Amino acid sequence: MVSVLLFSDDAVETVIEPAGARGFVLRDGSAELRRLFVHALARFGDERQIFVPRDQQRGFIGVSPTIGERDLLVTQLVSDGPTLGVIAVLLDGKPSEETRSELIAYAALAARVLEMGRALVAVRRQSRDSQLLAMVNERLHKSLDRRDVLAGIVEGVRAAFDADRCLVFNRPAESDHATIAAAAGTALPSAGAPAIELDADLRRVFGGLTVRRDAFDGGAIYGANARSAVALPFVVDGQVEDALVLAFERPYAFHDADVVALRSLAFHVGLALSNARLYARERARRAQAESLEHVVRILRDTQYVDEVLLVFAVTASHELPVDCAAYVLEGDLLVRRALRLGEPRSFEPAVSLERAAIEPFLAVDEPSDSVMLPRGPRDMLFDGRGGVIVPLRLDGALWGAFVVRWDDGAFAWPAEDRATFFRTLGSHLEIALANARAYERELRRAQERETLAEAARTILSYTEIGGLAAVMCRLATMLARAEQACVLRWSGERYAIVGSHGGDGDQLVARTGFDLEHREERLPGLVGDERRVQRLIDGPGYLVTPLNSGDGETIDAFLLVGRAVNERFSRDDLRIMQELGALLALALRNLELYERTGLANRALYESNLFKDDLLAMLAHDFKGPLAVILGYCELLLEVEHDDGVATIYAQAQRLVRLSEDALVLAQTQSEGFSLARSILDLATFTGECVEAIAPGNTRIAVTTTPDPLMVEIDPHRFRHVIDNLLSNALKYSEDEVRVNVRQDGEWAAIEVSDRGIGIPAAELATLFTRFGRASNAREFGIAGSGIGLYLARKIVEVHGGQIAVSSHEGEGSTFVVTLPLLAG
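Residues numbered from 1 in each chain as written. Predicted model: local features only at pLDDT ≥ 70, side-chain atom pairs only at ≥ 80, totals over all residues. Heavy atoms only, no water.

(A) Layout of the pattern of salt bridges. Applying the stated criterion to the full structure yields 31 salt bridges. Here Arg 213 ties to Asp 201 by a salt bridge, and the two come within 2.8 Å at their closest N and O atoms. Taken together, the positions of Arg 213 in strand S9 (residues 211-214) and Asp 201 in helix H4 (residues 200-206) put the pair twelve residues apart, joining distant regions of the chain. Assessed through its relative accessible area of 8%, Asp 201 is described here as buried. (Salt bridge = Lys/Arg side-chain N within 4 Å of Asp/Glu carboxyl O. Helix = DSSP H or I, 4+ residues; strand = E, 2+ residues; numbered from the N terminus. Buried < 20%, exposed > 50% of the residue type's maximum accessible area, 1.4 Å probe, protein only.)

(B) The sheet that holds strand S20 (residues 537-539), seen in detail. Within the open sheet, the five strands sit side by side as S19-S18-S22-S21-S20. Their pairing is antiparallel. Two strands lie at the open edges of the sheet, namely strand S19 (495-501) and S20, each paired on one side alone. For this sheet the average axis-to-axis angle between neighbouring strands, irrespective of direction, equals 15°. Here strand S21 (residues 542-547) runs beside strand S22 (residues 557-562); their pairing, made up of six bridges, is antiparallel. Bridge pairing in S22 places Pro 546 opposite Phe 558. In this fold helix H10 (residues 465-479) packs onto strand S18 (484-490), S19 and S22, with an angle of close to 55° to the strand it touches most, S19. (Pairing = 2+ DSSP bridges. Axes fitted to C-alpha atoms, helices over the stretch in contact; angles between N-to-C directions. Contact = heavy atoms within 4.5 Å.)

(C) Spatial organisation of H10. Under the 1.5 Å per step criterion, the end-to-end length of H10 is 21 Å for 15 residues, consistent within 8% with the ideal 21 Å. Looking at H10, one finds that the buried residues are Gly 467, Leu 468, Ala 469, Val 471, Met 472, Cys 473, Leu 475, Ala 476, Thr 477 and Leu 479. Capping of H10 at its N-terminal end is provided by Glu 464; its side-chain oxygen lies 2.8 Å from the backbone amide nitrogen of Gly 466. Just beyond H10, the residue with positive phi is Arg 481, at close to 50°. (Expected span 1.5 Å × (residues − 1). Polar contact = N/O pair within 3.5 Å; in protein donor to acceptor, adjacent residues only side chain to side chain.)

(D) Structural detail: the side chain of Arg 563. Within the secondary structure, Arg 563 is located in the loop between S22 and helix H12 (571-639). A distance of 2.8 Å separates a polar side-chain atom of Arg 563 from the backbone oxygen of Ala 480. Among the polar contacts made by the side chain of Arg 563, one reaches the side chain of Glu 567 at a distance of 3.3 Å. Excluding its chain neighbours within four sequence positions, the residues that come into contact with Arg 563 are Ala 480, Arg 481, Ala 482, Glu 483, Arg 511, Gly 541, Arg 568, Phe 569 and Asp 573.

(E) Seen up close, the environment of Ile 787. Relative to the assigned elements, Ile 787 resides in the loop between helix H16 (775-779) and helix H17 (788-798). When the C-alpha atoms of Ile 787 and Phe 768 are compared, they prove to be 8.2 Å apart, with 19 residues separating the residues in sequence.

(F) Representation of the nonpolar core within the structure. Counting residues in hydrophobic clusters, the biggest one holds 37 residues, and the most contacted among them are Leu 682, Phe 718 and Ile 750. Those elements that provide at least two residues to this core are helix H14 (682-693), strand S25 (710-713), helix H15 (715-732), strand S26 (737-744), strand S27 (747-754), H17, strand S28 (802-808) and strand S29 (812-820). Excluding anything up to four places from it in sequence, Leu 682 contacts Leu 709, Val 711, Phe 718, Val 741, Ala 748, Ile 750 and Leu 819. (Core = buried A, V, L, I, M, F, W, Y, C linked by side-chain atoms within 4.5 Å.)

(G) Geometry of the sheet that holds S29. Strand order in this open sheet of five strands is S24-S26-S27-S29-S28, and the pairing throughout is mixed. Here the strands that pair on one side only, and so sit at the sheet edges, are strand S24 (700-703) and S28. Each strand of the sheet is rotated relative to its neighbour by a mean of 15°, with strand direction disregarded. Two strands pair when backbone bridges link them, and S24 and S26 are joined in this way by four bridges, in the parallel orientation. Of the residues in S26, the one forming a bridge with Ile 700 is Val 737. Strand contacts of H14: S24, S26, S27 and S29, with the helix running at about 165° to S26, the strand carrying the most contacts.

(H) Local environment of the packing of helix H6 (residues 305-319) against helix H9 (residues 415-460). Two elements in contact, H6 and H9, have axes separated by 8 Å at closest approach and are oriented at 155°. Regarding the angle of H6 to H9, the classification is roughly antiparallel. Within the contact between the two elements, H6 uses Val 305, Val 308, Leu 309 and Phe 312 and H9 uses Leu 425, Leu 429, Ala 432, Leu 433, Ala 436, Arg 437 and Glu 440. (Parallel < 35°, antiparallel > 145°, perpendicular 65-115°, else oblique.)

(I) Focus on the confidence of the model for the protein. Averaged over all residues, the pLDDT of the protein is 80; the fraction at 70 or higher stands at 88%. With pLDDT under 50 throughout, residues 524-534 is counted as low confidence; its partners more than four residues away or in other chains account for 24 contacts. (pLDDT = per-residue confidence, 0-100.)

(J) Highlighting the packing of aromatic side chains. Here the structure, examined in full by the defined rule, presents ten aromatic pairs. Their ring planes at 10° and their centres at 4.2 Å tell us that Phe 248 and Tyr 252 sit as a pair that is stacked. Here Phe 248 and Tyr 252 have matching classes, each one buried. With 6.1 Å between their ring centres and 10° between their planes, Trp 406 and Phe 422 make a pair best called stacked. With Trp 406 in strand S17 (residues 397-406) and Phe 422 in helix H9, this pair connects stretches of sequence that are 16 residues apart. Through a chain of ring-to-ring contacts, three or more aromatic side chains come together here, namely Trp 490, Tyr 495, Phe 514 and Phe 558. (Phe/Tyr/Trp six-rings, centres within 6.5 Å; stacked < 30°, edge-to-face > 60°.)

Set out below in C-alpha cells:
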C-alpha cells in the first residue's frame, strides 16, 4: 500500500494507492506537523530512504494515525532544495535492496519532475501577478477615476484566478451596508441592486483582515452557488472603503502564493485608488478654484448689497450642484433675501428663522454641517438633505448667513475640503458685501449731500416760515426713508405746527407724546453749533429733532419725523437728521434776521424819505428870502459902495449856490430824479454857460472845435456841472483858467484846467465822494461844502458819461468830462 505526500507552503497533498485504502497519512497539513514529521525521520538517519519497523514507530506518535499497524518504508522526494514530499509504503517485512534501489531512483526522478512542475507553476503565477499589476497600472494610466479603475480590474482578476465571480464592495463611512462598486463573472446582481447589509465576513474585511472560505454553501456576498471564496481589503490612506471578493462555484485550493498575489494586487489597487483620490481631490480643488474665481469675478462687478446676495446665490447654484439661500440678520430674525434652486423643487428654505434657534452655529467662524443642527431648524432649512450653513460677519459683528443644500451623493467632496471651500467662499462674500455696503453708504451720503445742498439753496428762496417748513419736511421724509414729518414752533403760548408733509401732523405729535404747552429749555454748557441741535429723541417709528434759532435759553422749534412701522431709526438716519436739523435751525435764524432786517430797512427808508423831503423843502424855501436880500444889496451898492453890503451880497450868493446844490442833491437821492434831454452842440452850450457864469471875465480862455459836437443832455442839470467845475477853477486859482471842448473818438470832452493849489495825490480817489474835499483847501481857508463834485459826478453818470481829474499839488488841476456823441 503506497501513500504519496506532497508538501507545499501551507498544505499537504496526499494520494493513496489503491484508492480508498488505509495508507500512511499525516494528522493534518499544518507546517508545524510537517516539521515534526521530517524531524522524526531524521532520528532514523540521514539517508533519503528510511525503513521503520512497526515496533519502532513510536517517534511518529501524534504525527500520523496509522502508526504501528505495519512496517513503514519512507523515501524522501528531494532534489536540490528542501524535501518536496515523501513516498510512504506500508508492508510486512523488510523490502529487498533491489526494491529499495528502484524506489530511490523513482523518487529522485519524481522529485525532479515535481520541482520542474512547481517551478513552472511559480513562473506562471509570477507571470499572472505581473499581468495583474500591469493591468492595474494600465488602468491607472488610462483613467484616474476611481470607478474606472475598479471596473477595469475586476474582469482581469476573475480571469487570472479562473473565478466565477469577482466583486468590489464599497462601504460609506460608518455605514452598516455596502454597495457593489464593480463586478464581473456570472450570476451577478442586477443593476441598481440595493445595498447589502454587512455580514461577519465583510465586517472582518472592512476591518483590514483577509477572509478565506473553503467547502461552504455560499452566502449573500459570495453567491448562493459559491463553494470557495476569498475576500481582502483595499487600504487607501490608512482606511478601508473597498473590499475585493473572489467566488468559485467549485472547491478551490488557495495556495499561499495566490493569497500573496492577491494582497500585492490589493496593495497596488490601494495605491491606484489613493492616486485616483488625490486626482479627484485635485480636480475638485481645481473646480473649486474655478468656481470660486468665477463667483468672485462676478461679485467684484456688483455694487449693491441685495444685488451681491442675489448674484452670489445664482452663481453658486449654477457653478455647484446645490441650492443656495442668503439670509440677513434683522433684529432677532434671519430673513431670507436671496434664493436660487438648482432645479425646480417643491421645498424652499424658510423665509425667516429665529436667530436663537441656531445661535451656537452662528457664533463660530467655521461652516456647520446640516447634521449638526437641531431637528427643527434642520428641517426648515435643509428638508433632510445634506448641506452647510456659513455665518457672515461684517466689521466683526454677525450680519447674516448663507445656506447651501445638496442631494446626498451629489456633492462628494471630502469634508475637510468642503469646509475649506465654503469658508473661503464666505470670506469672499463678506468682502463683496463690505464693499457693496461701503458703496451704498457713499452713494447715500452723496445723495444726502446733494439733498442737503438743495435744502441749503431752498432756504435762500423762502422768506416765510410756512413754505420753508413744508419743504424741509419733505426733504426729511426722503432722507430718513419716512412717511411723515412736521415742524413745531413756539407761538408765544404753545408750540404750533407751521409746516408738515405726508399727512396729519397732529397724529405724529400725539404719537411722539410731545407736550405742546410746555416750552422746552436748552441743555446747559453747549456752545457754537451745538446750541442749534442738542440731542435727538428717537423711539419706535419716530424721531424728534430739537432746534434752536435764537440766542435764548429755550428751544423754540422742533422737527418731528415718523415711519409707518415701529422700527427705530439707524445711526445714519440720526446723523443725517441732525445735519438737516442744524440746517433748518440756521434757516429759522436767517428768517428771524431777515424779518429784523426788513423792519430796519423799512424804518431807514422812511427816514431817508423824510430827510430828502426836508432838504428839498429847505433849499426851495431859501430862494425867496435870499432873492430879497440880493435885491436890496444890489440897490444899496448902486447907491453907494459899502464893504459890509458887498460881503452880505457875496455870502447871499454863496447861500443861493448852496441851496441849489442841496436841491439837486435831494433830487438825485429821490426816486423822482429824471432828465429833460435835448440834442445840442456841446461846444456852443459850453460857451453859453461860461458867459452866463462869468460874463466878461478875462481870466477864462475857451477853445472849441470848428465842427459841432452833438450830444443829448438835460441843459438845466448839465449847466450845474459846468458851473461847479468853472467856479472851483476860479476859486482855487488866481491865474488863467482854460476851458477846452474837443472830440475824443466817439466821445465829446470838456476840459477845465487851472494853475491853482492842486490836489494831494493820496486824496484824488475820494474827491468825488459826498463831502469830499482836499485837505490843502481847508489849510488855505477856502470855503466849500464838499458836495459840488459829488453832484457833478452823479449828473454826468446819469447822462452816461464819465468825469476824471489829474492834478499835482501846487501846480494845478485838470477836470475832464466825457459824454457819448450821437451817431451820424
